[in-house]
Amino acid sequence: MPRLAFSQVDVFTARPGYGNPLAVVHGAASLDGTQMQHFANWTNLSETSFLLPPDSPEADYKVRIFTPKSELPFAGHPTLGSCHAWLAAGGTPKGDGIVQECGAGLVRIRCDGTRLAFAAPDAVQGKVSPVLKARVAAALGLAEMDILAACQLSYLAPSWTGVMLKDRAAVLGLKPNFMVMGELEIGVVAPSPDGNADFEVRGFANDVGGEDPVSGSLNAGLARWLITDGFAQARYVAAQGTALGRDGRVFVDYDGRDFWIGGDSTEVISGTLAL
């Protein structure tokens, strides 16, 4: 059996064990999609990524991203974690920035000091219908009047419904009903002026086992909504994972053109695996 280099990276944290873990398989060109999916199911992490040589001459590397059940064209924390692992393994960018190739196309990544940040892919914002708002409120155990604002945040995958509550305590006190939630993916945000972060975020989806510790795609969608609609400044910090005992931090920076979603990453496990 071939032996491949392997990393497990904790994303959106500088403290191992306090972010969102990602399994990364290096030099995975010898594996087919069936083998990748099987290994991703075995790791049982929300995502496992596989680093490959790029097909596009503009890209520095290619990544395929799998949940335990299916392949994703794009996801946020695997983008940052894969790039961190690629650089740590000696990857050298062709230009000033880094270009990742994935199922969603080319994604630009930049270094912000010790942090990496990706330019969020285009998303479509939509209104939340009264029927959907009522269902979201029921899934979260809230009265509809508790939802101060809502927005549909559509990416290639996943597609989140974002809702705003009055404060951090309301977000952290949620006890969702996942049977009522069904296939919905719900991101909840509220101001958190406690000095540690500007906003508190939680993300709920049955596809990630209930609650996502720290989600790059959710925070990318929320950033576009919050900044565009005037709920947030062009630069802010979001905390996520608090209710799970994590300490994730997402650094958002809108430069007038791109929404940059950044965070720290740290390698927790490295070695080889046999597949």
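Throughout, a residue's number is its position along its own chain's written sequence, starting from 1. Reporting of local features is limited, given that this is a predicted model, to residues whose pLDDT is at least 70; pairs of side-chain atoms are given and counted only at 80 or more, and all residues count toward the totals for whole chains, interfaces and linings. Each side-chain value is worked out from all heavy atoms of the structure, with water and hydrogens disregarded.

Section: the nonpolar core
Basically, it comes down to this: Residues belong to one nonpolar core when they are buried, are Ala, Val, Leu, Ile, Met, Phe, Trp, Tyr or Cys, and are joined through side-chain atoms within 4.5 Å. Note on classification: 1.4 Å probe, protein chains only; a residue is buried when its accessible area is under 20% of the maximum for its type, exposed when over 50%, partly exposed between these limits. Here a helix means four or more residues in a row that DSSP labels H or I, a strand means two or more in a row labelled E, and each is numbered from the N terminus. Note on contacts: a residue pair qualifies if any of its non-hydrogen atoms lie within 4.5 Å across the two residues.
One finds Phe118, Trp225, Leu226 and Tyr236 to be the most contacted residues of the largest nonpolar core, which totals 47 residues. Here this core gets 7 residues from one element, more than from any other, and that element is helix α6 (residues 216-228). Once residues lying within four places of it in the same chain are set aside, the contact partners of Leu226 are Met164, Val189, Phe199, Phe231, Ala232 and Tyr236. Grouped together as the second largest cluster of nonpolar side chains are 17 residues, Ala137, Leu184, Ala190 and Phe204 included.

Focus on the side chain of Thr43
What counts, and what does not: Between N or O atoms, a polar contact is any pair within 3.5 Å; within protein, one atom must be a potential hydrogen donor and the other a potential acceptor, and residues adjacent in sequence are included only when both atoms are from side chains.
Of note, Thr43 is situated in helix α1 (residues 33-43). From its side chain, Thr43 meets the backbone oxygen of Ala40 in a polar contact 3.0 Å long. Sequence-distant contacts of Thr43, that is, excluding residues within four places in its chain, are made with Ala23 and Thr48.

Some remarks on α1
So the rule is basically this: The directions considered for the arc run from the helix axis to the C-beta atoms.
Looking at α1, one finds that the buried residues are Met36, Gln37, Phe39, Ala40 and Thr43. Buried residues of α1, seen end-on, are gathered within an arc of 165° and therefore sit on one face of the element. Exposed side of α1, more than 90 degrees from the buried face: Thr34, His38 and Trp42 are the residues found there. The secondary structure elements touched by the buried residues of α1 are β1 (3-11), β2 (20-25), β3 (48-52), β4 (61-66), β5 (71-72) and β18 (265-274). Regarding α1, its N-cap is Asp32, as a side-chain oxygen of that residue lies 3.1 Å from the backbone nitrogen of Thr34 further along.

Observations concerning the pairing of β2
Condition: Strands are treated as partners if at least two bridges between them are detected by DSSP.
In terms of burial, β2 is a largely internal element, 5 of the 6 residues being buried. As paired elements, β1 and β2 share 6 bridges and run antiparallel to each other. Its bridge partner being in β2, Ser7 is matched across the sheet by Val24. Sheet topology note: the β2/β3 ladder contains 3 bridges and is parallel.

Considerations on the pattern of salt bridges
Heads up, the condition is: Any Lys or Arg side-chain nitrogen found within 4 Å of a carboxyl oxygen on Asp or Glu counts as a salt bridge.
Tallied over the entire structure, the rule returns 13 salt bridges. Its salt-bridge partner being Asp253, residue Arg235 comes within 3.2 Å of it at the nearest N-O pair. With a gap of 18 residues between them, Arg235 in strand β15 (residues 235-240) and Asp253 in strand β16 (residues 248-254) connect regions that are remote in the sequence. The exposure class of Arg235 is exposed, given its relative accessible area of 61%. A salt bridge links Asp247 to Arg249, with the shortest nitrogen-to-oxygen separation between them at 3.1 Å. Through salt bridges with shared partners, one network takes in Arg110, Asp112, Arg235 and Asp253.

Let's talk about the packing of aromatic side chains
Here is the rule: Centre distance within 6.5 Å is the pairing criterion for rings of Phe, Tyr and Trp, where only the six-membered ring of Trp is used; planes under 30 degrees apart are then read as stacked, over 60 as edge-to-face, and the remainder as tilted.
Evaluation of the coordinates by the stated rule reveals 10 aromatic pairs. For the ring pair Phe74 and Phe118, a centre distance of 5.5 Å and an interplane angle of 70° mean the geometry is edge-to-face. Of this pair, Phe74 sits in the loop between β5 and α2 (76-88) while Phe118 sits in strand β8 (residues 115-119), and the two are 44 residues apart along the sequence. Phe118 sits in the buried class, given a relative accessible area of 0%. Measuring from ring centre to ring centre gives 6.2 Å for Phe178 and Phe204, while their planes differ by 65°; the resulting arrangement is edge-to-face.

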